[in-house]
Amino acid sequence: MIKIDKLQKSFDGHDVLKGISFEVGKGQVFALVGGSGGGKSVLLKHVAGLMKPDHGSVMVDGLKISGSGQKALRMFRERLGFLFQGGALFDSLNVFENVAFPLKEKSKLGRNVIREKVMRELENVGLIGSEHRYPSQISGGMVKRAALARALVEDPEIMLFDEPTTGLDPVTGQSILKLIDDCHRRLSFTGIIVTHEIPKVFAIVDRVIMLHQGLVRLEGTPSDFMESRDPVIQAFLNG
Amino acid sequence: MVLGFQGFYSLSRFGSDAFLGPMVGLALIKELGPVIAALMVTGRAGSAIAAEIGIMRISEQIDALELMGLNPYRYLMVPNLIAAIICMPLLTALFDVVGIFGGYLIGGKLLGVGAGTYFGEMAHYVEIKDVLEGIYKSLSFGVIIAWVCCFKGYYSGIYTGFGSEGVSKATTQAVVMSSVLILVWDYFMTSILF
């Protein structure tokens, strides 16, 4: 479903991605791990079409994301949900309005249907009672939950998660991962999770990609990763 | 009010202090009203627009809009542009009215120019084309402010660097560029509408 082929990207002469290739099958969830500044978020933004590669391509169901026109990109994004690292909730809208925003602006659904859908999504992420609060009035964990509800409210086929648990305490982080797993079971989306949450994230993903110095160091199942004798991976696992 | 003092001082040297009203009126309606109001709006609202959009850029809110398949220009630039086009002439008109009454307060109440002379001569010499000139200027200044400040905020990550420093630079650049463009554009407008 998602095919990344020899993707290269550099910033100011510094090579961040040096030819990344892998494929994510329909309904699969991949974890993208690696050191900070290793290009994981950059890779995710290429998949979403927010960045253009220097070389290589990202294809989703045969559609080349990097070379697509605005119309094709917009149609692709209709199928996409993206959970940003900081949530990216709109400051001027409350939680309910944030989650309702994509439906209100893009769908022709009636007010009552939108309300019902939004409240159901907020219930799924445990935010009932906080719908009238603004992003500045809620905790980091609640921001992530609200952002997740907004990303899922349109029932996307593809979900990209950019460090969904970063900055959260272990309990809240674990609850977000469980939430992602629950949503995956419910919606069967194809997903990529950029995370440092090792090994907790292994319980909810099918495969793991480890990026190191702009290249794929390992691609395999969570158990392949745990059993690897590669010193880089060992160092990453053991701190 | 300063214009009232300075105008009265200059005109009385030529025995023309009765023309204080037209002088204050024309100076404010054609030139000072649109320009000073625009500079004030740039400092007050233009900086806020650039900072708000810049913060939306660095906190990925603009990326979120794009990923929803929505056009960020429609949500961030168009409302500001429409608001600026509507508000600038209104604020300029308010500025003109307050300035004209301020001039009368000095000229009429303090320096002895009669209300009839002040406002009568003003009504006689200020023509509708002078008012239109002020409106045209304020409209174009509104477009400049919204355009420059939105642009600077929107592209703050690209041209001025990411993070709070990038937003701060973008805001400063927005205010400076808008102010300079207003003054330069004012010269061309005056040349055309003279």
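It should be noted that the structure appears before, not after, this text.
All values derive from a computational prediction rather than experimental measurement.

Student: Which parts of the structure should I look at to understand the overall build of chain B?
Tutor: Regarding its fold elements, chain B presents nine helices and zero strands. Each helix (α) and strand (β) of chain B, taken in turn from the N terminus, gives the series α-α-α-α-α-α-α-α-α. For 194 residues, the compact-globule estimate of 2.2 N^0.38 gives 16 Å, and the C-alpha radius of gyration of chain B, at 21 Å, exceeds that figure by more than 25%. Counting all 194 residues of chain B, 42% fall into the buried class.

Student: What exactly am I supposed to notice about the interface of chain A and chain B here?
Tutor: Often the size quoted for an interface is simply the accessible area lost on bringing the parts together. On the chain B side, the residues contacting the 14 residues of chain A number 10 residues. For the side of chain A that touches chain B, the residue count by class is eight nonpolar, one polar and five charged.

Student: Whenever I open this one, the sheet that holds strand β8 (residues 190-194) of chain A confuses me. Can you help?
Tutor: Strand pairing in a sheet takes place through backbone hydrogen bonds and is either antiparallel or parallel in direction. Residues and elements named next belong to chain A. Spatially, β6-β7-β8-β3-β9-β10 is the arrangement adopted by the six strands of the open sheet, whose pairing is mixed. Where the open sheet ends on each side, the last strands, each with one partner, are β6 (80-83) and β10 (215-220). Put simply, the sheet's adjacent strands are angled 15 degrees from each other on average, direction ignored.

Student: Explanation requested: helix α5 (residues 78-110) of chain B in the structure shown.
Tutor: Given 3.6 residues to a turn, an α-helix orients residues that are three or four positions apart in the same direction. Residue and element names in this part refer to chain B. With 33 residues, α5 extends 47 Å from end C-alpha to end C-alpha; this agrees with the ideal 48 Å at 1.5 Å per step. At C87, α5 is bent by approximately 30 degrees, the largest bend along its length, and proline P89 sits one to four residues beyond. Positive phi shows up at G112, right after α5, with a value of about 85 degrees.

Student: Help me understand unusual backbone geometry in this model?
Tutor: Residues and elements named next belong to chain A. The step from I198 to P199 runs through a cis peptide bond, and the omega angle for that step is 5 degrees. With respect to the helices and strands, P199 occurs in the loop between β8 and β9 (207-212). Although it is not a glycine, S188 sits at a positive phi angle of roughly 55 degrees. Inspection of the secondary structure assignment puts S188 in the loop between α6 (170-187) and β8.

Student: Just checking my understanding: could you explain the packing of helix α2 (residues 20-58) of chain B against helix α6 (residues 115-125) of chain B for this structure?
Tutor: Residues and elements named next belong to chain B. Direction vectors running N to C along α2 and α6 enclose 55 degrees, while the axes themselves pass 7 Å from each other. As judged from the angle between their axes, α2 and α6 are oblique. Pair α2 / α6 crosses with right-handed handedness. Across from L20, G21, P22, G25 and L26 in α2, the residues of α6 making contact are T117, Y118, F119, E121, M122 and Y125.

Scoring rules and cut-offs
- Residues numbered from 1 in each chain as written.
- Chains lettered and ligands numbered in written order.
- Predicted model: local features only at pLDDT ≥ 70, side-chain atom pairs only at ≥ 80, totals over all residues.
- Helix = DSSP H or I, 4+ residues; strand = E, 2+ residues; numbered from the N terminus.
- Rg over C-alpha atoms; globule rule 2.2 N^0.38 Å.
- Buried ≥ 20, exposed ≤ 12 C-beta atoms within 10 Å, placed from the backbone.
- Contact = placed C-beta atoms within 7 Å.
- Nonpolar A, V, L, I, M, F, W, Y, C, P; charged D, E, K, R; others polar.
- Pairing = 2+ DSSP bridges.
- Axes fitted to C-alpha atoms, helices over the stretch in contact; angles between N-to-C directions.
- Expected span 1.5 Å × (residues − 1).
- Bend = angle between axes of the 7 residues up to and from the residue.
- Parallel < 35°, antiparallel > 145°, perpendicular 65-115°, else oblique.
- Left-handed = near helix turned anticlockwise from the far one by under 90°.

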